[in-house]
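Analysis of the macromolecular model
One letter stands for each residue in the lines below.
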Amino acid sequence: MQRFQLIFVIFFILINGISAQSISYGNGVVIRKYTQENGLSQNSIRDLVIDQNNFCWIASEMGVTRFDGKSFKNYSSDLMDSVSSNRFVLFSKTSKGLYVTNLDYQTLKINVDDKNIIPAPKRFAEGLFLGNNGKFINPAKTKLHPFVKNTISSYSNETPVYSSTFVESDSSGYFYSGNNLIYFKGKDYSIISNKAELSGEYDFYEGNKYFLIKNTGYELYIDGKLVKSGIKIPNINNSFYKVNKESLETDYIIQSRHLSPNYYVDSLNNIYEIKITVDNNVYLEKIFDRLPIKLINVIHFDKENDQYFIGTSAAGLYIVKKSLFLNLADDAVLDGAIYYQYQYNDTTIFTKNLLISKKKTYVFPYDSFRDLRYSFKCQDKYYAVTSKAILKINSLEGNVPETVYNFDYYVSNAHYDSSNHILNVFSVNGWLELNIPELTVKKQVLFENKFIIYGFTSILKDTFLCYTNKGLKWYDRKSNHFFKTILPSSIIRSAYYSSPDNLWVTTYGNGFFLYRKGVLVRLPDGPRNALKSAHAIFNDNKGHFWITTNNGLYKVKIKELLDYALGKSENVYYYLFDRSDGIITTEFNGGIIPKSYLLMPDSTLSLPSMQGVIWFNPFKTKVCVPKAPIFISEIYYNNKIYRGDPFDIQLNYGDAKQIKIKIVSPYFGNPLNIALEYSINDDPIYFEINQDGFITFNNMAYGEHSITVKKKGINSDDSTHRLSFRIHIKPPFYRTALFYGLMAACLLLIIIFIVKRRIKSLKAESEKLEQVVKERTMTLSETIKSLEISEKALEEGNNLRENIIAMILHDLRSPLRFLTTISNDLYKKFDYDDREIYRKKLFDLKVNTFSILNYSENFFTWANSQRDGFTINETSFNLSKLFYDIDEFYTDISKQNKNRLIIEYPEFEIRSDYNILSLIVRNLIDNANKNTQNGIISLKSYCVNNSVIIEISDTGKGLSEQEKEMFTNVITQKLNSGFGNVLILSLLPLIKGKLKVESTLNVGTVFIIKLG
């Protein structure tokens, strides 16, 4: 046993490393140790206290430390305003608050009243806090007797006066300094003892009773008066009265300072609590036997959780509790594992080859029982059923068992019906009934199955629940029929009916289930998923199941399981017991064995494990449920400390790249029994908080976020188990109402600007359009006018065409009539006319024929010039040639009207269209000849300023203004006015010529052609 305990201690030190070192000493004490390696500010602890929120406060010479069971928060002078010394030595826990004082007589108050506000020390007052009266005394300013004052001052540098101070009321108390015990009341004081032997004395008090332990025993003072003296404390080492506490091998008093002070005596590592009877007698009550902790300074008893906080002067902090678990036969079992148990008597169990009791473990000198499946007693004889045989035992101590029956198949389980003396045996292949003690076979049935039966439980006379590798099966013995199966893919470990409707089933690896009214519900797997592989279920009939697993022992409320299965709750709280509670192993066994656990007459529950059996009283085992509130400890944003309201965190968007919030809830039990989880914005999904306690948000979106933190598995809306706070991330500027307002204003200005520009543009376009419309209107008007003119011109053109046709007919009719007449006359009078008459008639025929030819050429030239694509044929020629041709042509014609043609021949060349110019000049001469009788027709040409001037003049009757207009405007041409005028006006522009007419009635007319 001791060998394993040493291994167990070493094992825990190794697996915990620099975290809390948890060790088990003996089978009765569990110790957890914390040092500077775990975050403690100093291993030397002067005082400690547990506040109302369950935080542990530690005073050391390196400051004040808050401990929540997982992490330490150290407060030193550099973190606290106006605090000059880190050497804190005393806590005072009163109904008015929690105070701590340093060697400079500076007292700090720790605010523990604000719910969910993390407590922290703050400067409160100068002086020493004295007991429960709330008064402070500064030794440097006290009006006590100078001797007392000097004594106090001399101690103030090394050992503060409060190391032995008692205040009984608002106005009275004791100072114990050096060899002097001073009692004061109001302004009065007295030295009630100044004996030299006081240097080794101790004091303690209860109410108004002051006890002073001296070399001769203890003295009792009430109201400054000695009531008892020289009384020895029973059972205490005599050296206690002779040697002070600096000797580690003697007895000394340890004080726990809080509202109800407890005092302890350390006597050679045996810890006693000092008790006082009603008649003021002192006695000791032993708490720990040979506790392996040295240099104890202070002990604080956490009554609610039955554990002791022990501060030492050099070894750090210890949390010690008594284990209610006994680990038995752990070093007596060769292969370690125990499955089946049988109750031998009220205090002893029989398992394998062992008889186990609290006092000793007896090992049989043979191993016939090592494969034990079942045992029973019949007619004062013990029988043991193994996997291969039935053994008869005449005596469990010393006699070799007798094999009385051998099985043909491997036996998995058995059950003895004492009323009928029938042994029911299940094997992997079938079921067997044996008569006891005859050991004759009453009935044997072989199963036709392809599964393995590990065990069974009888639920009715002929109905069994069979635990198989292929589910839980209902078997009817009469019909030899498996009539129902659930969880067909699971290995079944146990099944338990808590009521006719509720069947609880554990499996190996597939979870924990409730089968209720034909519906199978899987229950939560619990911490470390331990309930995935559970063994036995023990109902303590007080509303709880105790469930053994491969990963610890769990206690759970049956109501919470039912509420979860019925959908009334989303949480189940499993309370874990493991090595930290003094259990030697967390790997339990059993399950398929009907008696895998035993409840003994004294309420001790015996559980099989892989390392012996574990005994405890489930009805007295205290559950340390986490009851402390949840606190926000620290808030960081972008690696900066947030110092605002922790319940309404306000951050700018740029400060929210990373937000870290540390959540704590003081708890000094098994850390696996408390888990914190959080949700965001009332999301039903919760996320578990890491072991370091930090919730981290990266790049949190702007807006309002509500965060809810709660204790996992605990069904309560109580503020103790739930914490809510808000995080408000201010939007970036570009997401603010101001920005949107500015953007809206800018957009409005832009719109106004665009509208104004558009209006201006539209106005400009409108004006432009109006101008265009105006211009178009004018153009349209002009077009209309032009159309009207064109229409008129068209009409006049049509008239002109008619006139031209008429003119052509008119101009041709006379020559043609003449030709007809003269040719007819010539034909008739050919033989009668004389030669002269004949000549004259031929001349007239010649002239008229030439006239028709000339007219035809003129008309052809004009018609040709009216075709599209017509171009003139410009050539250079001597103008005298053109005059010569005219002379030759018109000399004879002019003679008809007895006119004389006078031509002045020019001696220069011009460039023009010869034919067109010739045609124009001929027509003007022809016109002059028609309007002149017995006159002169002149033709001449000259140059003026690079222009060629051709003049045709006559001495005829002249032209009226209307007749002159006919030569300058073709539109004004009238019927019968002659084709020559039209031809002149049409062809003259083609050769870039202009015509000017000067005429005087009855005097003559001058036609002036200007070329170039």
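Predicted, not measured: the structure shown is a model, and the values here were computed from it. (Residues numbered from 1 in each chain as written. Predicted model: local features only at pLDDT ≥ 70, side-chain atom pairs only at ≥ 80, totals over all residues. Heavy atoms only, no water.)

Notes on the overall build of the chain
Stated formally: Strands here are runs of E lasting at least two residues and helices are runs of H or I lasting at least four, both read from the DSSP assignment and numbered beginning at the N terminus. Accessibility throughout is a Shrake-Rupley quantity obtained with a 1.4 Å probe, and a residue counts as covered only by protein chains that appear here.
Counting its secondary structure elements, the chain contains nine helices and 71 strands. Summing over all exposed atoms, the chain offers an accessible surface of approximately 49600 Å²; the carbon and sulfur share of this is 51%.

Examining the pairing of strand 50 (residues 544–549)
The test is simple: Remark: exposure states derive from per-residue accessible area (1.4 Å probe, protein chains only) relative to the maximum for the residue type, with buried under 20%, exposed over 50%, and partly exposed in between. Only when DSSP finds a minimum of two bridges between them are two strands counted as paired.
Within strand 50, six of the six residues are buried, which leaves it mostly tucked inside the rest of the structure. Across the two faces of strand 50 the burial is the same, with His544, Trp546 and Thr548 and Phe545, Ile547 and Thr549 all buried. As defined by bridge partners, strand 49 (residues 534–539) adjoins strand 50 across four bridges and the pair is classed as antiparallel. Bridge assignment links asparagine 539 to a residue of strand 50, and that residue is phenylalanine 545. Hairpin connection between strand 49 and strand 50: a loop of four residues separates the two successive antiparallel strands, and asparagine 541 in this loop has a positive phi of roughly 60°. Of the strand pairs in this sheet, strand 50 and strand 51 (residues 552–557) are connected by six bridges, and their pairing is antiparallel. Each bridged residue has a counterpart across the sheet, and for threonine 548 the counterpart in strand 51 is leucine 553. Hairpin geometry of strand 50 and strand 51 is characterised by an intervening segment of two residues between the two adjacent antiparallel strands.

As for the pattern of salt bridges
The criterion, for reference: For this document, the term salt bridge refers to a Lys or Arg side-chain nitrogen within 4 Å of an Asp or Glu carboxyl oxygen.
If you walk through the whole model with that rule in mind, you get 23 salt bridges. The salt bridge involving aspartate 578 is made with arginine 528; its shortest N-O contact spans 3.7 Å. Taken together, the residues aspartate 578 in the loop between strand 52 (574–577) and strand 53 (598–599) and arginine 528 in the loop between strand 48 (519–523) and strand 49 connect sequence positions 50 residues apart. Exposure remark for arginine 528: the relative accessible area of 38% places this residue in the partly exposed category. A salt bridge links lysine 710 to glutamate 677, with the nearest nitrogen and oxygen atoms 2.5 Å apart. With lysine 710 in strand 63 (residues 703–711) and glutamate 677 in strand 60 (residues 676–680), this residue pair connects regions lying 33 residues apart in the sequence. Glutamate 677 carries the same exposure label as lysine 710, and that label is buried. Taken together, the shared-partner salt bridges connect Glu433, Asp462, Arg477 and Lys478 into one network.

Details of the sheet that holds strand 69 (residues 947–954)
Rules: Between the N-to-C directions of two axes lies an angle of 0 to 180 degrees, each axis being a line fitted to C-alpha atoms and, for a helix, fitted only over the stretch in contact. Every residue pair with non-hydrogen atoms within 4.5 Å of one another is taken to be in contact.
The strand order 66-68-69-71-70 describes an open sheet built from five strands, whose pairing is mixed. Strand pairing shows two members of the sheet lacking a second neighbour, strand 66 (900–903) and strand 70 (993–1000), which therefore form its edges. With strand direction ignored, the average angle separating the axes of adjacent strands in the sheet is 15°. One ladder, built from eight bridges, connects strand 70 with strand 71 (residues 1004–1011); its direction is antiparallel. Across the sheet, residue threonine 1000 finds its bridge partner in strand 71, namely glycine 1004. Contacts from helix 6 (residues 879–896) reach strand 66, strand 68 (936–944) and strand 69 within the one sheet, and its direction differs from that of strand 66 by about 170°. Along the sheet, helix 7 (residues 914–930) contacts strand 68, strand 69, strand 70 and strand 71; its crossing angle with strand 69, the most-contacted strand, is approximately 25°.

Some thoughts on the sheet that holds strand 62 (residues 694–698)
As a general point, the strands of a sheet are linked pairwise by backbone hydrogen bonds and lie either parallel or antiparallel. The sheet built from four strands is open, its strands ordered 57-56-59-62 with antiparallel pairing. Among the strands making up the open sheet, the edge pair consists of strand 57 (640–641) and strand 62. Here two bridges tie strand 56 (residues 631–637) to strand 57, and the two strands are oriented antiparallel to one another. Bridge assignment links tyrosine 636 to a residue of strand 57, and that residue is isoleucine 641.

Focus: the UniProt feature "transmembrane region" (unreviewed entry) in the chain
Convention followed: UniProt positions are given in the numbering used here, feature names are shortened, and annotations may be inferred rather than shown by experiment.
The residues that UniProt annotates with the feature "transmembrane region" (unreviewed entry) are residues 737–755. Secondary structure over residues 737–755 splits into 100% helix and 0% strand, and the C-alpha atoms at its two ends are 25 Å apart.

Examining the environment of leucine 520
Counting through the fold element by element, leucine 520 comes out in strand 48. Put simply, leucine 520 and leucine 503 are 17 residues apart on the chain and 9.4 Å apart in space, counted from C-alpha to C-alpha. Ignoring any residue separated from it by four or fewer positions in sequence, one finds leucine 520 in contact with Ile486, Leu487, Phe513, Leu514 and Tyr515.

Some points on the side chain of lysine 711
The criterion, for reference: Two N or O atoms count as a polar contact when they lie within 3.5 Å, although within protein this holds only if one can serve as hydrogen donor and the other as acceptor, and sequence-adjacent residues are included solely when both atoms are side-chain atoms.
Relative to the elements of secondary structure, lysine 711 occurs in strand 63. In this structure lysine 711 comes out as buried when scored by relative accessible area, which is 1%. Within the local environment of lysine 711, its side chain forms a polar contact with the backbone oxygen of alanine 628, the two atoms lying 2.5 Å apart. Ignoring any residue separated from it by four or fewer positions in sequence, one finds lysine 711 in contact with Pro626, Lys627, Ala628, Ile630, Ser665, Ala675, Leu676, Thr720 and His721.

Digging into helix 3 (residues 558–565)
Among all positions in helix 3, only Ile558, Glu560, Leu561, Asp563 and Ala565 are buried. Positive phi shows up at glycine 567, right after helix 3, with a value of about 80°.

Thoughts on the confidence of the model for the chain
Counted only if it meets this: The pLDDT value tells you how sure the predictor is about a given residue, anywhere from 0 up to 100.
When pLDDT is averaged along the chain, the result is 78; 76% of the residues meet or exceed 70. Predicted confidence is poor over residues 1–20, with pLDDT under 50, and the contacts of this stretch with residues over four places away or in other chains come to 30 contacts.

Some remarks on the packing of helix 6 against helix 7
Stated precisely, the cut-off is as follows: Handedness of a crossing follows from how the near helix is turned relative to the far one, being left-handed for an anticlockwise turn of less than a right angle and right-handed for a clockwise one. Amino acids are sorted into nonpolar (Ala, Val, Leu, Ile, Met, Phe, Trp, Tyr, Cys and Pro), charged (Asp, Glu, Lys and Arg) and polar (every other residue, Gly among them).
Relative orientation of the contacting elements helix 6 and helix 7 amounts to 35°, with a least axis distance of 10 Å. Of the two possible hands of crossing, helix 6 and helix 7 adopt the one that is right-handed. Packed against helix 6, whose contacting residues are Leu879, Lys881, Leu882, Asp885, Ile886, Phe889, Tyr890, Ile893 and Ser894, the element helix 7 presents Tyr914, Leu917, Ser918, Val921, Arg922, Ile925, Asp926 and Asn929 at the interface. Classifying every residue of the contact of helix 6 with helix 7 by side-chain character gives ten nonpolar, three polar and four charged.

A short note on a nonpolar patch on the surface
So the rule is basically this: Patch membership is restricted to residues that have no salt bridge and whose relative accessible area is over 30%. Joining uses 9 Å for like charges and 5 Å for the nonpolar side chains Val, Leu, Ile, Met, Phe, Trp and Tyr.
Taken together, Tyr653, Tyr702, Tyr734 and Tyr740 make up a surface patch of nonpolar side chains, about 420 Å² in accessible area. Relative to the assigned elements, tyrosine 653 resides in the loop between strand 58 (648–651) and strand 59 (658–664).

Side note on the nonpolar core
Under the convention used in this document: Among the buried residues, those of types Ala, Val, Leu, Ile, Met, Phe, Trp, Tyr and Cys that are joined through side-chain atoms within 4.5 Å form a nonpolar core.
The biggest cluster of nonpolar side chains holds 40 residues, and the ones touching the most others in it are Ile659, Ile661, Ile663, Phe697, Val709, Phe725 and Ile727. The element that contributes the greatest number of residues to this core is strand 64 (residues 722–729), accounting for four residues. If we ignore the near neighbours within four places in the chain, the residues touching valine 709 are Ile630, Ile663, Leu676, Glu677, Tyr678, Ile689, Ile695, His721, Arg722, Leu723 and Phe725. Judged by nonpolar contacts, the second largest core, of 37 residues, contains Ile920, Ala928, Leu988 and Leu1011.

Brief notes about helix 7
This is how it is decided: A helix is expected to span 1.5 Å multiplied by its residue count minus one.
For helix 7, spanning 17 residues, the distance from its first C-alpha to its last is 24 Å, which sits close to the expected 24 Å at 1.5 Å a residue. Among the 17 residues of helix 7, 15 are classified as buried, and the element is accordingly described as predominantly covered. Near the N-terminus of helix 7, the side chain that reaches the backbone nitrogen of asparagine 915, with its oxygen 3.2 Å away, is that of aspartate 913.

A closer look at the side chain of aspartate 913
Our working rule: Positive charge is attributed to Lys and Arg, negative charge to Asp and Glu, and no charge count is given to His or to the chain ends.
Mapped onto the fold, aspartate 913 is located in strand 67 (residues 909–913). No salt bridge is formed by the buried aspartate 913, whose closest oppositely charged neighbour, arginine 922, lies at an N-O distance of 10 Å. In this structure the side chain of aspartate 913 is engaged in a polar contact, spanning 2.6 Å, whose partner is the backbone nitrogen of asparagine 873. Of note is the side chain of aspartate 913, whose polar atom sits 3.3 Å from the backbone nitrogen of isoleucine 916. Apart from residues lying up to four places away in sequence, aspartate 913 is in contact with Ile872, Asn873, Glu874, Phe877 and Ile991.

Quick word on unusual backbone geometry
Of the consecutive residues isoleucine 436 and proline 437, the connecting peptide bond is found in the cis state with omega at 10°. Tracing the chain through its elements places proline 437 in the loop between strand 39 (430–435) and strand 40 (440–446). Phi angles above zero are rare outside glycine, and asparagine 480 is one such case at about 50°. Positive phi, close to 60°, is recorded for lysine 992, a residue that is not glycine. Along the polypeptide, lysine 992 turns up in the loop between helix 9 (979–987) and strand 70.

Here's the deal with the environment of proline 121
With respect to the helices and strands, proline 121 occurs in strand 10 (residues 121–126). The exposure class assigned to proline 121 is buried, which follows from its relative accessible area of 6%. Each C-alpha atom of the pair proline 121 and arginine 66 lies 9.5 Å from the other, and the pair is 55 residues apart in sequence. Excluding anything up to four places from it in sequence, proline 121 contacts Trp57, Tyr75, Met80, Leu108, Lys109 and Ile110.

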